[in-house]
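Structural description and commentary
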Amino acid sequence: MSGRVLRLPSFAKINLGLEVLGVRQDGYHELRTIFQTIDLRDDVEIRSGGGDVTVRCDHPGVPTGQQNLAWRAASELRRYAKRTGGVEIRITKRIPVAGGMGGGSSNAAAVLLGLDRLWRLGLGPEGLHTVARRIGADVPYFLMGGTALGLGRGDEVYPLWRQVRVHVVVADPGRPISTAAVFGRVDRSLTPRENSNRIFRFISRDLEGKGTAFPILANDLEEAALEEAPDLAEQVRRIRGILVREGAVSASLSGSGSSFFGLFDDLQRARRAHADLAAEGFSAYRGRTLSLDQYRSLWRRALGPQGRRPR
Ligand code: C5P
């Protein structure tokens, strides 16, 4: 297949906190979360040409057909923009698969931004939002990146004034978990409750200039994820133990799991936590958070001078 090629970064996210507020009419859950991009990335290469949408991935656990969110992104955008041309998508995976780090959603957003550029649609992140939310609840966030508040299904995203800049260590227990199954378990334990306001407290402390308040954040999906995958409980206990012992300011499951992350103010501590996790046999990653500005400029560079950029 010949045609123009774009090589794009596709970053992972973690949830600095996640509150499940209730079940919506559409069956989804009403969420309040703080999304954060980190510099762990997949590579997505898109090449225009031919008549079909095809996906190849170097990871055997990633579906390449209709279940692949990048495939759906290309197909949906093609329909939306009334295009007939094909596209070949190649994904090099580093983000844990079904690990709660938004890898599939991030790949889908990368395809949307890339095809917008290749096909010269001029939609930009705002114009792509409608298509993005059809593909998955996390996809709109990846059109923006950085530290952002997610409301509704998680698809209403607002950048936060103070962008979190810390070191991140992620342990991947290598155990995929179905997000739908975890949310299904939440329902059984969900009682109509007062909003806990932990996320709003976090944001208002931030606005008052009192610095970040990671300890008040928690992930409401953690209990359900461990019910869904009881074999993980012991590993999570060990991972959390290492992160806390090395001085993590926060240690939490990401999304519906099973990736587990720690945040560190201090590089040496992050390095030690990473080394300890590796020594205990965990697949681990150490990196940094990506702010809104960093995310934007990395995208600007990838899309080229005339590229529309994430808002
Ligand atoms: O939107 P996405 O396909 O990524 O979500 C995967 C599954 O997670 C959904 O099918 C739904 O069961 C569940 N989910 C939910 N509430 C949300 C987001 C996801 O129940 N806000």
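The structure reproduced in this document is the subject of the present report. (Residues numbered from 1 in each chain as written. Predicted model: local features only at pLDDT ≥ 70, side-chain atom pairs only at ≥ 80, totals over all residues. Heavy atoms only, no water.)

A few points about the site of the ligand
For the ligand, the full set of nearby residues is Y28, H29, L31, G136, A137, R153, T179, A180 and F183. Between A137 and the ligand, the recorded distance is 2.8 Å, taken from a backbone N or O atom to an oxygen atom. Contact between the ligand and R153: a nitrogen atom at 2.9 Å from a main-chain N or O atom of the residue. Relative to its free-state accessible area of 450 Å², the ligand is covered by the protein chains to the extent of 75%. The pocket occupied by the ligand, as judged from atoms lying within 2 Å of grid points, is the largest pocket. (Near = heavy atom within 4 Å. Polar contact = N/O pair within 3.5 Å; in protein donor to acceptor, adjacent residues only side chain to side chain. Areas by Shrake-Rupley, 256 points an atom, 1.4 Å probe, with all protein chains shown as cover. 1 Å grid on protein atoms, 1.4 Å probe; cavity = no way out; pocket = protein on both sides within 12 Å on 5 of 7 lines; lining within 4 Å. Sits in = over half its atoms within 2 Å of the grid points.)

A short note on the pattern of salt bridges
Scanning the entire structure with this criterion turns up 26 salt bridges. Linking R237 and E234 is a salt bridge whose minimum nitrogen-to-oxygen distance equals 2.9 Å. One end of the pair, R237, and the other, E234, are both in helix α8 (residues 233-245), three residues apart, so they sit about a helical turn from each other. What makes R237 exposed here is its relative accessible area of 54%. A network of salt bridges, in which partner residues are shared, links E19, R32, R198 and D220. (Salt bridge = Lys/Arg side-chain N within 4 Å of Asp/Glu carboxyl O. Helix = DSSP H or I, 4+ residues; strand = E, 2+ residues; numbered from the N terminus. Buried < 20%, exposed > 50% of the residue type's maximum accessible area, 1.4 Å probe, protein only.)

Some thoughts on helix α3 (residues 124-135)
Compared with an ideal rise of 1.5 Å per residue, which puts 12 residues at 16 Å, α3 spans 17 Å between its outermost C-alpha atoms and is within 8% of the ideal. On its buried face, α3 is in contact with α1 (69-80), α2 (103-118) and α4 (139-142). (Expected span 1.5 Å × (residues − 1). Contact = heavy atoms within 4.5 Å.)

Describing the packing of aromatic side chains
Evaluated as defined, the whole model comprises four aromatic pairs. Measuring from ring centre to ring centre gives 5.8 Å for F202 and F214, while their planes differ by 45°; the resulting arrangement is tilted. In this pair, F202 sits in helix α6 (residues 198-207) while F214 sits in the loop between α6 and α7 (222-228), placing the two residues 12 residues apart along the sequence. Assigned by exposure class, F202 and F214 land together as buried. Through successive ring pairs, a cluster of aromatic residues spans F35, Y141 and F142. When the ring centre of Y28 is taken as reference, the NZ or CZ atom of R153 above it lies at 4.4 Å. (Phe/Tyr/Trp six-rings, centres within 6.5 Å; stacked < 30°, edge-to-face > 60°. Lys NZ or Arg CZ within 6 Å of the ring centre and 35° of its normal.)

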